[in-house]
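# Reading the structure
Spelled out from the first residue to the last, the chains are:
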Amino acid sequence: MEPACIRHTDLPGTSRLFADFTYHFDRVARFYQHDPHDGASFAAAVRQVDYPDDRRAAMVQALAAQNGPSESLDLLARPGTVAVVTGQQVGLFSGPAYTIYKALTAARLAHTLRDRGIPAVPVFWLATEDHDFAEVNHVWTFDRARQPLALNVEMPSGRQRPVGGIVLDRPPTDELSRSLDGFPHAEEVLAAVAAAYPPGITMGAGFRALLAKLLGKLGLLFLDPLDPAVRRISAPLVAKALAGAPELKARLLERNRELESAGYHAQVHLEEKTSFFFLLENGERVALRRKDSEFGELSDRAAEVSPNALLRPVVQDYLLPTLAYVGGAAEIAYFGQGAVVYQALLGRATPILPRFSATIVEAKPQALLERYGLSMPDLFHGPEALRETLAKHALPAELQAAFDRAESSL
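The present account deals with the structure reproduced in this document. (Residues numbered from 1 in each chain as written. Predicted model: local features only at pLDDT ≥ 70, side-chain atom pairs only at ≥ 80, totals over all residues. Heavy atoms only, no water.)

In terms of regular secondary structure, the chain is built from 15 helices and twelve strands. On C-alpha atoms alone, the chain measures out to a radius of gyration of 24 Å, which is about the 22 Å that the 2.2 N^0.38 rule sets for 410 residues. If you line up the chain on its principal axes, its C-alpha atoms span 75 × 50 × 50 Å. Per-residue burial for the chain yields a buried fraction of 46% across its 410 residues. A sequence separation of at least 24 residues applies to 72% of the contacts in the chain between residues at least 6 apart. Accessible surface for the chain amounts to roughly 21,100 Å². Of this, 53% is attributable to carbon and sulfur atoms. Each charge class in the chain was averaged separately, 42 positive and 49 negative side chains, and the resulting centres sit 2 Å apart. (Helix = DSSP H or I, 4+ residues; strand = E, 2+ residues; numbered from the N terminus. Rg over C-alpha atoms; globule rule 2.2 N^0.38 Å. Buried < 20%, exposed > 50% of the residue type's maximum accessible area, 1.4 Å probe, protein only. Contact = heavy atoms within 4.5 Å. Areas by Shrake-Rupley, 256 points an atom, 1.4 Å probe, with all protein chains shown as cover. Lys, Arg positive; Asp, Glu negative; His and termini not counted. Charge placed at Lys NZ, Arg CZ, Asp CG, Glu CD.)

Here's what the structure looks like:
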């Protein structure tokens, strides 16, 4: 294998915010409290983690019920231990490849911190509360002709429901088996998927079981926020957010203006009517609007309230002694936007680091790339652009020069 590194700025669609966060942090430093490229940031962040012993004990008990005994759980139970957190929506058959990359990055960072004398454990947040089933009900594989193939499960009827509890009567394991016929390691993959996704499994349970099988050696702790015990622990922070919703909204609107005036984007579009909250009721996740309820009056039902994308990381880092979060480009944008919510509710902002990413090119495609003088970035701009690039490489130099002269004349 010949490794090579591709800059994010060579990839189409890379946002200016993410590019500057990665390569020119000084330009975005006012939106993030900690520089992820500076090792001293972690030492500073450790001192800011305020995690009471009673909350630690309650969360260890909840995580023990979800995970069972482990060395990571024993370490988390000790005062002073911090968490390196990542997470993802509970997609079919473990979702996109970057789910695995996130877990690998979090586990590696926790190991590095322990080597530096900072006790740390990796935690994977299962985004079971999310209700966008269309984002998680499919997975991409290949068929025998090596063409992309989507496997899907049917959309449940009814209103918006947390995806983690949706039951899969017939996971498409047979379809996966047919598509992988003839591929290396197919039997091993199918055995792991079939064991994790028996008929009647929920989206959340199947996702968790497959990740636990694939990543069992990393010492990950899995956290399902739909667990009633976890919701009770987070209720005080959610109640505080309910009571302070107008101030939080004002801070976020101002942060959006700051980002946009600096030439960046706000990941979450925010309006006066935008709500931070959903209500979990009768198996559904219903958006709360100001016209529906005065948020402060819901404080006694805080355990039934589900946070939106901007508030969720703050709830996560109230539940855990989080030292760092590992995320993708969109999540990094969320954190730049939501840092003002962190400051208002927790008095600190969690450092965020980009996840590891990789593409493995097999021998046959690699030979084709070399034959036509192509690099990986040449493949990221669509079929038409690729055809033009191939034509330029294939045409004799004299003919290409003739075309160039004709184009110049025209």
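This is not the end of the story, as more comes after the structure.
Turning next to the sheet that holds strand 8 (residues 277–281). Spatial ordering of the open sheet is given by 9-8-10, a layout of three strands whose pairing is antiparallel. The open sheet is flanked by strand 9 (284–287) and strand 10 (305–307), the only strands paired with a single partner. This sheet shows a mean twist of 35° between the axes of neighbouring strands, independent of strand direction. (Pairing = 2+ DSSP bridges. Axes fitted to C-alpha atoms, helices over the stretch in contact; angles between N-to-C directions.)

In this section: the packing of helix 10 (residues 245–261) against helix 12 (residues 329–346). The geometry of helix 10 relative to helix 12 is characterised by a closest axis approach of 8 Å and an angle of 145° between their N-to-C directions. Crossing of helix 10 over helix 12 shows right-handed handedness. Across the interface between the two elements, Leu 248, Arg 251, Leu 252, Arg 255, Asn 256 and Leu 259 of helix 10 pack against Gly 336, Gln 337, Gly 338, Ala 339, Val 340, Val 341, Gln 343, Ala 344 and Leu 345 of helix 12. For the contact of helix 10 with helix 12, the residue count by class is eight nonpolar, five polar and two charged. (Left-handed = near helix turned anticlockwise from the far one by under 90°. Nonpolar A, V, L, I, M, F, W, Y, C, P; charged D, E, K, R; others polar.)

Another aspect to go through is the layout of surface pockets. Considering only enclosed or pocket space, the second largest pocket measures out at about 250 Å³ in volume. In this structure, the second largest pocket is lined by 14 residues; those nearest its centre are Val 153, Glu 154, Leu 168, Asp 169 and Arg 170. Taken together, the elements giving at least two residues each to the lining of the second largest pocket come down to strand 4 (148–152) and strand 5 (167–168). Split into classes, the residues belonging to the lining of the second largest pocket amount to nine nonpolar, one polar and four charged. (1 Å grid on protein atoms, 1.4 Å probe; cavity = no way out; pocket = protein on both sides within 12 Å on 5 of 7 lines; lining within 4 Å. Points joined across faces, edges and corners; volume = space filled by probe spheres on them.)

If you check the backbone angles, Phe 93 has positive phi at about 55° while not being a glycine. Its location among the elements puts Phe 93 in the loop between strand 1 (82–89) and helix 5 (98–115). You will see that His 185, though not glycine, has its phi angle at about 65°, which is positive. Inspection of the secondary structure assignment puts His 185 in the loop between helix 6 (173–179) and helix 7 (186–196).

This next bit is on the pairing of strand 11 (residues 322–327). In terms of burial, strand 11 is largely enclosed, as six of its six residues are buried. As judged from the three bridges shared by strand 1 and strand 11, these two strands associate in the parallel manner. Across the sheet, residue Val 85 finds its bridge partner in strand 11, namely Tyr 325. For strand 11 and strand 12 (residues 352–354), the ladder comprises three bridges, and the chain directions are parallel. Bridged to Gly 327 within strand 12 is Pro 354. Taken together, strand 11, helix 12 and strand 12 constitute a β-α-β crossover, and its handedness is right-handed. (Right-handed = clockwise from strand over helix to strand, strands pointing away.)

Taken together, the side chains of Ile 6, Leu 379 and Phe 380 present a nonpolar region at the surface, about 210 Å² in accessible area. Within the secondary structure, Leu 379 sits in the loop between helix 13 (363–371) and helix 14 (383–394). (Patch = residues over 30% accessible without salt bridge, like charges linked within 9 Å, V, L, I, M, F, W, Y side chains within 5 Å. Salt bridge = Lys/Arg side-chain N within 4 Å of Asp/Glu carboxyl O.)

The subject of this paragraph is the pairing of strand 4. Across five bridges, the pairing between strand 3 (residues 138–142) and strand 4 is antiparallel. Across the sheet, the residue bridging to Trp 140 is Ala 150, located in strand 4. The antiparallel hairpin formed by strand 3 and strand 4 contains five residues in its connecting segment, where Arg 146 sits at a positive phi of about 65°.

Next up on the list: the packing of helix 3 (residues 53–67) against helix 9 (residues 228–243). Here helix 3 crosses helix 9 at 160°, and the two axes come no closer than 9 Å. By the angle between their directions, the pair helix 3 and helix 9 is classed as roughly antiparallel. Our pair here, helix 3 against helix 9, has a crossing hand that is left-handed. On the side of helix 3, the interface is formed by Arg 55, Ala 58, Met 59, Ala 62 and Gln 66, while helix 9 contributes Ala 229, Val 230 and Ile 233. (Parallel < 35°, antiparallel > 145°, perpendicular 65-115°, else oblique.)

Any functional reading would require information beyond the geometric quantities listed.
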